[in-house]
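Spelled out, the chains give:
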Amino acid sequence: GGGGGATRVASAASATKRASATPQTIARSDGSPSSSSSSRLERPVGNSSTAQAMANSVNILLGVGLLSVPYALQQGGWAGLGVLSLLGAMTNYTGKALIKCQAAGSLPVVDVAGFESDLSAGGAVASARGMVASGDEYDLMEMDAGDATSGGPGYCEYPRRRPLLSYEDIGEAAFGPRGRDFITFVLYTELIGTGALFFILEGDHLAILFDHAHDETWYMAAAAAVMIPTLWLFDLSSLSAIGALGAAASMSLVGVVLYELVAVGGYPANPPPGFDTTALVHLSTLPVSFGLLAFVFAGHAVFPAIYTSMEKPEEYPAMLDKTYVIVGLTCLVIGSAGYALYGDQVMDEVTLNLPAGVASTIALALITVNPFSKFALTMDPVARGLEKGLLGIDVASETNRSTTASALKARGLRTGLGLSALATAATVPFFAVFMSLIGSFLTLTVSVIFPSACYLKMFEDEVTDGERALNWGIMVLGGFCVVAGSVSA
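Please read all numbers here as calculations on a predicted model, not as lab measurements.

About the cut-offs
- Residues numbered from 1 in each chain as written.
- Predicted model: local features only at pLDDT ≥ 70, side-chain atom pairs only at ≥ 80, totals over all residues.
- Heavy atoms only, no water.
- Helix = DSSP H or I, 4+ residues; strand = E, 2+ residues; numbered from the N terminus.
- Buried < 20%, exposed > 50% of the residue type's maximum accessible area, 1.4 Å probe, protein only.
- Contact = heavy atoms within 4.5 Å.
- Areas by Shrake-Rupley, 256 points an atom, 1.4 Å probe, with all protein chains shown as cover.
- Core = buried A, V, L, I, M, F, W, Y, C linked by side-chain atoms within 4.5 Å.
- Phe/Tyr/Trp six-rings, centres within 6.5 Å; stacked < 30°, edge-to-face > 60°.
- Axes fitted to C-alpha atoms, helices over the stretch in contact; angles between N-to-C directions.
- Parallel < 35°, antiparallel > 145°, perpendicular 65-115°, else oblique.
- Left-handed = near helix turned anticlockwise from the far one by under 90°.
- Patch = residues over 30% accessible without salt bridge, like charges linked within 9 Å, V, L, I, M, F, W, Y side chains within 5 Å.
- Salt bridge = Lys/Arg side-chain N within 4 Å of Asp/Glu carboxyl O.

The next subject is the overall build of the protein chain. Within the protein chain, the regular secondary structure consists of 17 helices and seven strands. Out of the 489 residues belonging to the protein chain, those deemed buried represent 56%. Sequence-distant contacts in the protein chain: of pairs separated by 6 or more residues, those separated by 24 or more amount to 82%. Summed over its atoms, the accessible surface of the protein chain is roughly 18700 Å², and 63% of this surface lies on carbon and sulfur atoms.

Laid out in structure tokens, this is it:
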């Protein structure tokens, strides 16, 4: 949602604690679910309440994608509301299917220390590359790593399987190492693209706030000078307060647009000023709206971490339903109000249409906080993955974090990652086109197609004919939206 956030993996998972949990069925040696009652696995239980999990989910989805909902309707006409509803229903279903895969599957444990690190990081870049010999599976018991090697009081036999903690884990459980590699590539590309969108957003809004004293590229670079150093933080909890302010900014935007509709547009006594230029449908540009509206529901990369962080994970489906109601109604209000207010003149970021005034200035200033608060959270999973893969560094480890050489290498890599996002933003400066491309090609793959594919693979012996038809229908429709939206963008 945006963005973002894909983007709450680190913060949402930081609440995860290792505790005794109700044993759940784990996977067979091929990664698919097993119904054997003797194959049980202790899973981590979080300490986040259901309300906190819902707040995190809403904050993820109500990101930068909200700004382009009116423009999506301008591209597709009022029919875009139907696209919004359809994408909302599909991604809600796949968000639940993805977590069913997470709850039922497991992966081999390569080493205890690596598993502890992945668990503490929420599995954002969890690694389970090696395979162990097939055999009887053991319960994953709470134990101290030192005891495990010393045979002390907490000693137990080396666990052979571990629960799934991340989207990448689910991809591997369903399709093996190639599944992990595929979804990792797609997720990381989406997150870097989202980071570039943040720079574009900052450049556009700062230029307005400072009355175009410099061009947008200059303001992108100025924003990068402030945002890239946030990547140097290995503990992102310090950004949580700013993140809450970013969520408030998104909601304030809805209030400002509604104020313009009623106080300036004269609604409902008079038709909104731009209503006469709206259309029921624009068939030629309707596919552009696919990616723009899909970006609103870009939260699947983070849903596994939110599920793991929940104190009562059985309440996840109801929590997700409530989240989607809030997000869907917010998008409906700002989309309809913005499109009716500005018609075919609505810009790719509706904030750029707001007339000068105190209310719009406050909204613009708050919107600039959103990218600042989410940039590090968005890029952190990519940075951690590259640090492990290229440098052999795990910043979740206190040893690596406290080593000057390791910290410098990690921060150098993170700086380069931030500069690559900035270079992308400078090359493709048009916000809506870039967002539509990311949403069509990447977000629809992550949020629509791949979850259904994982579900069919992992539950192939258990799904009903109706479920099989539904998931194939979702994948076919998602594939059409990917092709049509990407070509149109």
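In this structure, Asp348 sits in the loop between α12 (316-342) and α13 (358-391). Taking relative accessible area as the criterion, Asp348 reaches 6% and is therefore assigned buried. The sequence separation of Asp348 and Gln74 amounts to 274 residues, and the corresponding C-alpha distance is 9.2 Å. Ignoring sequence-local partners within four residues, the contact set of Asp348 consists of Leu67, Ser68, Tyr71, Phe430, Phe431 and Ala432.

With that settled, consider the nonpolar core. By size, the foremost hydrophobic cluster in this structure holds 114 residues, and its most contacted members are Leu87, Leu197, Phe199, Leu253, Tyr316, Ile334 and Phe375. The leading source of residues in this core is helix α7 (residues 167-209), at 17 residues. The residues touching Leu87, leaving out its near neighbours within four places in the chain, are Phe290, Leu293, Ala294, Phe297 and Leu444.

Applying the stated criterion across every chain yields a total of 12 aromatic pairs. With 5.8 Å between their ring centres and 85° between their planes, Tyr307 and Tyr316 make a pair best called edge-to-face. By the burial criterion, Tyr307 is buried, and Tyr316 matches it. Between Tyr455 and Phe459, the aromatic rings sit 5.0 Å apart at their centres with planes inclined by 35°, giving tilted as the arrangement. You'll find Tyr455 and Phe459 in the same group, each marked buried. In textbook terms, an aromatic cluster arises when at least three aromatic residues are bridged by ring pairs, as seen for Tyr167, Phe175, Phe182 and Phe450.

Bringing the packing of helix α3 (residues 69-76) against α12 into the picture now. Geometry of a packed helix pair, given as the angle between the helix axes and the separation of the axes. Two numbers describe how α3 lies on α12: the axes approach to 7 Å, and their chain directions differ by 60°. Accordingly, the angle class assigned to the pair α3 and α12 is oblique. Considering how the two elements wind past one another, α3 and α12 form a crossing that is right-handed. Residues Val69, Pro70, Leu73 and Gln74 of α3 pack against Cys331, Ile334, Gly335, Ser336, Gly338 and Tyr339 of α12.

Moving on to a nonpolar patch on the surface. A contiguous nonpolar patch, built from Leu86, Leu477 and Phe480 and spanning about 270 Å² of accessible area, is present on the exposed surface. Given a relative accessible area of 42%, Leu86 falls into the partly exposed group.

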